[in-house]
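Descriptive structure summary
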Amino acid sequence: MDIKTKESAFWYPFTQMKTAPEPLQVKSGKGVMLELEGGRQLMDCISSWWVTLHGHGQTEIAAAIAAQAQVLEQVICAGLTHAPAEKLALRLIGLLPEGLSRVFYSDNGSTAVEVGLKMAFQYWKNLGVNHRTRFLAFEGAYHGDTLGAMSVGHRSVFTQAFNELLFETDVIPFPETWIDDDAIETKEAEALLQLDCLLEANGDRYAAMILEPLIQGAGGMRMCRPEFLAAVHARLKSHRILVIYDEVMTGFGRTGEYFACIRAGTVPDILCLSKGITGGFLPLAATVCTDAVYDAFYDDDPMKTFYHGHSYTANPLGCAAGLASMDLLESVPQNFRKIAAWHETGIGKLQKNTRLTRFRVCGTILAMNVQTGEDTGYLSSIAPYLKRRFPEKGFLLRPLGNVVYILPPFCITEDQLSAVYQCIGEVVGEL
Ligand SMILES: Cc1ncc(COP(=O)(O)O)c(C=O)c1O
């Protein structure tokens, strides 16, 4: 199929249609493997944009969706509710740290973030506090592609065309770290100093700070230390600023714990979930908040209502998939807990390649930089080569600029991961 002709009417995301190579045609998926038209196999080492939690073609989730589709496929969630949505909300708060108690559904990671931002903003209005109108965020953050989510995200080639539309956000440095990083304390102190300066000048102007806890995903799999997050959290709390954790990527076992907030040991006021929530089967999202946030909207005054919703709010099929996925997650947590140790072994092998630097692991996620001698970033000149070579060798790996990372479905085996490390070593060796 030629995407430059009328053979395809599909306009692909994040893609320059004129210069993009032909996409690979995928026929089916099972476990960690994708089968292409023509029979070639490709190992999905990135969980298809970080959504496929347990593996492709997971039969329990497929069966749960099929069963739900026979009973109730969709229903308006205004004045009506249904069992899968109610059950999933209770399951989610049962697994999250105590204090997070109310679940607001939407459809994807960006909407989970939009909901979180709007909730935080209106929270203060509802309390009669009109001067808390600004947001804080980290440099390098990615929170999605809708306008609010872009506004609190890093300005980049992705936002450039829209910058005039975005609201201003104050940012502080993200002290990324890696194995054998001996400058981390200095970087953290610098970030905290900048936060202190902003808080001293404008501490009572901020509605909330939004952040990706422990790992900035699209920003280059950049990791920070839990103790740094705790220090940020304490400062925000002392200024009564709401804390929003964007766990769209880190949720559901990715960091080696059910949620990054558990690993970080801090509880946000608002937490955004999507991606793995249905095991990667259907689009669904949830923004979870504390009673304190919820109570600010709970009132006889209609103007204190949270006027936000979506046609597919709490779609029953998505919720049924979510419940089945949580059954799996909780019945075999060792599946996501054991991957970190395999990554440590993998690093031992990959470290022999001197072009690979800044190794870092957080639970199931391993990332490293390929040294290029040029200014790096998303448009790094080696990225197209790497993006082409990995699939040629049978592995779906999509570097973020010069950052190569593995974020696998939890069904991956130690042998399969060894093959991924070997492939990375070989391809980087070709450079
Ligand atoms: C941390 C984070 N937040 C939000 C989003 C946006 O999610 P979606 O692509 O489902 O809109 C992403 C997507 O990669 C993400 O990684």
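Residues numbered from 1 in each chain as written. Predicted model: local features only at pLDDT ≥ 70, side-chain atom pairs only at ≥ 80, totals over all residues.

**A word on the overall build of the protein**
Looking only at helices and strands, the protein has 14 helices and 16 strands in total. In summary, the protein has a C-alpha radius of gyration of 22 Å against a globular reference of 22 Å for 431 residues, a match within 12%. Along the first, second and third principal axes, the C-alpha atoms of the protein reach 65 × 60 × 45 Å. By residue count, 45% of the 431 residues in the protein fall in the buried class. (Helix = DSSP H or I, 4+ residues; strand = E, 2+ residues; numbered from the N terminus. Rg over C-alpha atoms; globule rule 2.2 N^0.38 Å. Buried ≥ 20, exposed ≤ 12 C-beta atoms within 10 Å, placed from the backbone.)

**Some thoughts on the site of the ligand**
The full set close to the ligand counts 14 residues, and Asn 108, Gly 109, Ser 110, Gly 144 and Val 248 are the nearest of them. Sort the elements by how many residues they give to the shell around the ligand and helix H4 (residues 109-126) lands first, with three residues. Its residues placed into classes, the shell around the ligand shows five nonpolar, seven polar and two charged. (Near = placed C-beta within 6 Å. Nonpolar A, V, L, I, M, F, W, Y, C, P; charged D, E, K, R; others polar.)

**A word on the sheet that holds strand S6 (residues 170-172)**
Reading across the sheet, the seven strands line up as S4-S12-S11-S10-S7-S5-S6 and stay open at both edges, with mixed pairing between neighbours. A single partner strand is all that each edge strand has here, and the edge strands are strand S4 (100-106) and S6. Taken over all neighbouring pairs, the strand axes of this sheet differ in orientation by 20° on average, direction set aside. Judged from the three bridges that link them, strand S5 (residues 134-138) and S6 form a sheet pairing that is parallel. Looking at S6, one finds that Ala 137 is bridged to Val 171. Together, S4 and strand S12 (285-290) form the strand contacts of helix H3 (residues 83-95), whose direction differs from that of S4 by roughly 135°. Each of S4, S5, strand S7 (206-211), strand S10 (242-246), strand S11 (270-273) and S12 touches H4; the most contacted strand, S12, lies at about 25° to it. (Pairing = 2+ DSSP bridges. Axes fitted to C-alpha atoms, helices over the stretch in contact; angles between N-to-C directions. Contact = placed C-beta atoms within 7 Å.)

**A look at the domain arrangement of the protein**
Domain annotation of the protein identifies domain 1 (26-57 + 334-430) and domain 2 (62-331). Put simply, the middle of domain 1 and the middle of domain 2, counted by C-alpha atoms, are 26 Å apart. Domain 1 puts 26 residues into the contact, and the matching count from domain 2 is 25 residues. At the level of elements, helix H1 (47-50), helix H11 (334-337), strand S13 (356-362), strand S14 (365-370) and strand S16 (403-406) are the ones that each hand at least two residues to the side of domain 1 that touches domain 2. When residues in the side of domain 1 that touches domain 2 are grouped by element, the largest group, four residues, is from S13. Considering only residue class, the side of domain 1 that touches domain 2 consists of 15 nonpolar, eight polar and three charged. (Domains from an automatic or database assignment.)

**Some thoughts on helix H13 (residues 383-392)**
Residue pairs spaced three or four apart in an α-helix point in one direction, given the helix's 3.6 residues per turn. Of all the residues in H13, the buried ones are Ala 383, Leu 386 and Phe 390. Each buried residue of H13 sits inside an arc of 60° when the element is viewed along its axis, so together they form one side. Every exposed residue of H13 that faces more than 90 degrees away from the buried side is listed here: Arg 388 and Glu 392. Buried residues belonging to H13 abut strand S15 (395-396), S16 and helix H14 (414-430). (Arc of directions from axis to C-beta.)

**Comments concerning the sheet that holds strand S1 (residues 26-30)**
With respect to topology, four strands assemble into an open sheet ordered S1-S2-S3-S15, the strand pairing being mixed. Every other strand in the sheet has two partners, leaving S1 and S15 as the edge strands with one partner each. As judged from the two bridges shared by strand S3 (residues 41-44) and S15, these two strands associate in the parallel manner. In the sheet register, Asp 44 faces S15, and the bridge partner there is Leu 396.

**As for H4**
When the terminal C-alpha atoms of H4 are compared, their 25 Å separation across 18 residues agrees well with the 26 Å that a helix rising 1.5 Å per residue should span. With its phi angle positive at about 80°, Gly 128 sits one or two positions after the end of H4. (Expected span 1.5 Å × (residues − 1).)

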